[in-house]
Amino acid sequence: MERKRAREFGIRTGRMPTGPLNKITDVPGVLVGHATIRDGRHNTGVTVILPSEGNVFRDKLVAASFVHNGFGKTAGTVQIDELGTLETPIALTNTLNVGAVSDALVGYMTELCEKDGIPLRSVNPVVGECNDAGLNAIEDRAVTAEHVREAIRTACADFEEGGVGAGAGTRCYGLKGGIGSASRIVKLDGRDYTLGVLVQSNYGATADLLIGGVPAGEEIARRIREEKEDEGSIMVVLACDIPLSARQLRRVVRRCSVGIARMGSYVGHGSGEVFLGFSTANVIRSGEEDIVSFSCIREDRIDALFRAAGEATEEAILNSMLCADPVTAPDGRRVRSLREFMPLEGTR
């Protein structure tokens, strides 16, 4: 089955221009890698977002997080909220593998800092998760440190979307979910900046699905004769090269919820919506200075970023579903792809 992204189906979300790949990696320095486990019993994996080309422990980035609904097991957000910085790559995986993936990030950063001659006595690994138990024998905790290193080793700009990496076993609106991404260009002071989003989609009730405002889920629910409740989770990672303070970045990251709402979700009790964000514009470098200087956007110019976050999140979710292939669960159930129902009337 040919994989097409939303725009190849004629679906346009919002009106802002996109970056060249229309992915989070349009932000300079950002790379994404996957390791996928698919063997009949397991549909799972890990996805790693490398936020910069250098050592992010030495050259920390401004970061923020926001929890829309806290039914989740994310690691590392407490320190991000307290200090407003990111000092490791961001990894996404399944719920029961957060600990193993966190340990693998510690090992990776320990070796990297040793190579760079940087003392490392404490580090804050950041790991997000979705529960893929419906399509994966999650209790086996199949993701290992080698899978994390594989994802880091293979990270690139034009990465695969759909049911890969941390999205291998996820479901979205009762259909196959996965990893999806999109980007938007924001013009400030005559210069183009980039904001990109990556999602791990695993949430939503089938009948609630909206595509471009069209209630597509109602027709799909009738066809598949199955109604999935609004439970699961979605992880959203936002990256940008726009100068922001941690407080401003948190305001922008919160607007990812707009994209989720525009897809039809009301954010159910059993669904964890957790958002992480970082900016590559302000680097907090290790040094002897007592005062660190950096720039930030004027508060009354931030609306364009709010729109970009909402638009990119909505399109990233669509891409995660459209790029995902159908999957057969270990118990024999088949989870269909949104792509099988396209084009749906009125969605173009």
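Residues numbered from 1 in each chain as written. Predicted model: local features only at pLDDT ≥ 70, side-chain atom pairs only at ≥ 80, totals over all residues. Heavy atoms only, no water.

## Topic: the sheet that holds strand β12 (residues 271–285)
No. 1: Sheet architecture is open: six strands sit in the order β4-β3-β12-β11-β10-β9, paired in mixed fashion. Since the sheet does not close on itself, it has two edges, and those belong to β4 (85–86) and β9 (179–188), each with one partner.
No. 2: In this fold helix α5 (residues 246–254) packs onto β3 (59–69), β10 (191–202), β11 (232–240) and β12, with an angle of close to 40 degrees to the strand it touches most, β3.
No. 3: Strands in contact with helix α7 (residues 303–322) are β9, β10 and β11; relative to β9, the strand with the most contacts, it is inclined by about 155 degrees. (Pairing = 2+ DSSP bridges. Helix = DSSP H or I, 4+ residues; strand = E, 2+ residues; numbered from the N terminus. Contact = heavy atoms within 4.5 Å. Axes fitted to C-alpha atoms, helices over the stretch in contact; angles between N-to-C directions.)

## Quick notes on the pattern of salt bridges
No. 1: Tallying each qualifying case throughout the model produces 27 salt bridges.
No. 2: Note that Arg-41 and Glu-139 form a salt bridge whose closest N and O atoms lie 3.4 Å from each other. A residue pair is termed long-range when its members are at least 10 positions apart, and Arg-41 in the loop between β1 (31–38) and β2 (43–50) and Glu-139 in the loop between β6 (126–130) and α3 (145–153) qualify at 98 residues.
No. 3: Overall, the relative accessible area of 48% leaves Glu-139 in the partly exposed class.
No. 4: With a closest N to O distance of 3.0 Å, Glu-111 and Arg-149 form a salt bridge. Residue Glu-111 is found in helix α2 (residues 98–115), and its partner Arg-149 is found in helix α3; the two are separated by 38 residues along the sequence.
No. 5: Judged by its relative accessible area of 45%, Glu-111 is partly exposed. (Salt bridge = Lys/Arg side-chain N within 4 Å of Asp/Glu carboxyl O. Buried < 20%, exposed > 50% of the residue type's maximum accessible area, 1.4 Å probe, protein only.)

## Quick look at the pairing of β9
No. 1: Judged by how many residues are buried, β9 sits mostly within the fold: nine of ten residues are covered.
No. 2: Sheet analysis places β9 next to β10, joined by ten bridges and oriented antiparallel. Bridged to Gly-180 within β10 is Val-199.
No. 3: Hairpin connection, β9 to β10: the antiparallel pair is bridged by two residues, and Asp-189 has positive phi, about 50 degrees.

## As for the pairing of β3
No. 1: Most of β3 sits out of view: eight of its eleven residues are buried.
No. 2: Strand direction decides the pairing type here: β3 and β12, joined by ten bridges, are antiparallel. Each bridged residue has a counterpart across the sheet, and for Asp-59 the counterpart in β12 is Arg-285.
No. 3: The pairing of β3 with β4 spans two bridges and is classified as antiparallel.

## A few points about the side chain of Ser-271
No. 1: Secondary-structure assignment places Ser-271 in strand β12.
No. 2: Assessed through its relative accessible area of 0%, Ser-271 is described here as buried.
No. 3: Separated by 2.5 Å, the side chains of Ser-271 and Glu-273 make a polar contact. (Polar contact = N/O pair within 3.5 Å; in protein donor to acceptor, adjacent residues only side chain to side chain.)

## Details of the sheet that holds strand β5 (residues 90–94)
No. 1: The mixed open sheet is built from four strands, whose spatial order is β1-β2-β5-β6. The sheet terminates laterally at β1 and β6, the two strands that pair on one side only. On average, adjacent strands in this sheet sit at an angle of 15 degrees to one another, irrespective of strand direction.
No. 2: Bridge count for β2 against β5 is three bridges, and the pairing is antiparallel.

## A closer look at the packing of α2 against α3
No. 1: It is at 9 Å that the axes of α2 and α3 come closest, and there the two elements cross at 60 degrees. As the angle between them shows, α2 and α3 are arranged oblique. Taken as a pair, α2 and α3 cross one another with a handedness that is right-handed. Within the contact between the two elements, α2 uses Val-101, Ala-104, Leu-105, Gly-107, Tyr-108 and Glu-111 and α3 uses Ala-145, Val-148, Arg-149 and Ile-152.
No. 2: Taken together, the residues of the contact of α2 with α3 break down into seven nonpolar, one polar and two charged. (Parallel < 35°, antiparallel > 145°, perpendicular 65-115°, else oblique. Left-handed = near helix turned anticlockwise from the far one by under 90°. Nonpolar A, V, L, I, M, F, W, Y, C, P; charged D, E, K, R; others polar.)

## A closer look at the nonpolar core
No. 1: Within the largest apolar cluster, 52 residues are counted, with the highest numbers of intra-cluster contacts made by Val-252, Leu-305, Ile-317 and Leu-338.
No. 2: Broken down by secondary-structure element, the contributors of at least two residues to this core are β3, β9, β10, α4 (216–224), β11, α5, α6 (256–262) and α7.
No. 3: Excluding residues within four positions of it along the chain, Ile-317 makes contact with Cys-172, Val-199, Tyr-203, Ile-234, Gly-259, Ile-260 and Met-263.
No. 4: Listed in part, the 31 residues of the second largest apolar core include Ile-49, Val-126, Ala-166 and Val-237. (Core = buried A, V, L, I, M, F, W, Y, C linked by side-chain atoms within 4.5 Å.)

## Some remarks on the state of the cysteines
No. 1: Within this structure, the stated rule accounts for zero disulfides.
No. 2: Not part of a disulfide, Cys-240 finds its nearest cysteine sulfur in Cys-256, a span of 11 Å.
No. 3: Residue class for Cys-240 comes out buried when judged on its relative accessible area of 1%.
No. 4: Not part of a disulfide, Cys-323 finds its nearest cysteine sulfur in Cys-172, a span of 13 Å. (Disulfide = S-S within 2.5 Å.)

## What about the side chain of Ser-181?
No. 1: When you line up the elements, Ser-181 lands in strand β9.
No. 2: Excluding residues that lie within four positions of it along the chain, Ser-181 makes contacts with Arg-5, Asn-22, Lys-23, Ile-24, Phe-159, Glu-161, Val-197, Leu-198, Ala-316 and Asn-319.

## Overview of the packing of aromatic side chains
No. 1: The full count for this structure, using the stated rule, is two aromatic pairs.
No. 2: With 6.0 Å between their ring centres and 35 degrees between their planes, Phe-66 and Phe-275 make a pair best called tilted. Taken together, the positions of Phe-66 in strand β3 and Phe-275 in strand β12 put the pair 209 residues apart, joining distant regions of the chain. The same class applies to Phe-66 as to Phe-275, namely buried.
No. 3: Judged by centre distance (4.9 Å) and plane angle (65 degrees), the ring pair of Tyr-173 and Tyr-203 falls under edge-to-face. Residue Tyr-173 is located in the loop between β7 (171–172) and β8 (175–176), and its partner Tyr-203 is located in the loop between β10 and α4; the two are separated by 30 residues in the primary sequence. (Phe/Tyr/Trp six-rings, centres within 6.5 Å; stacked < 30°, edge-to-face > 60°.)

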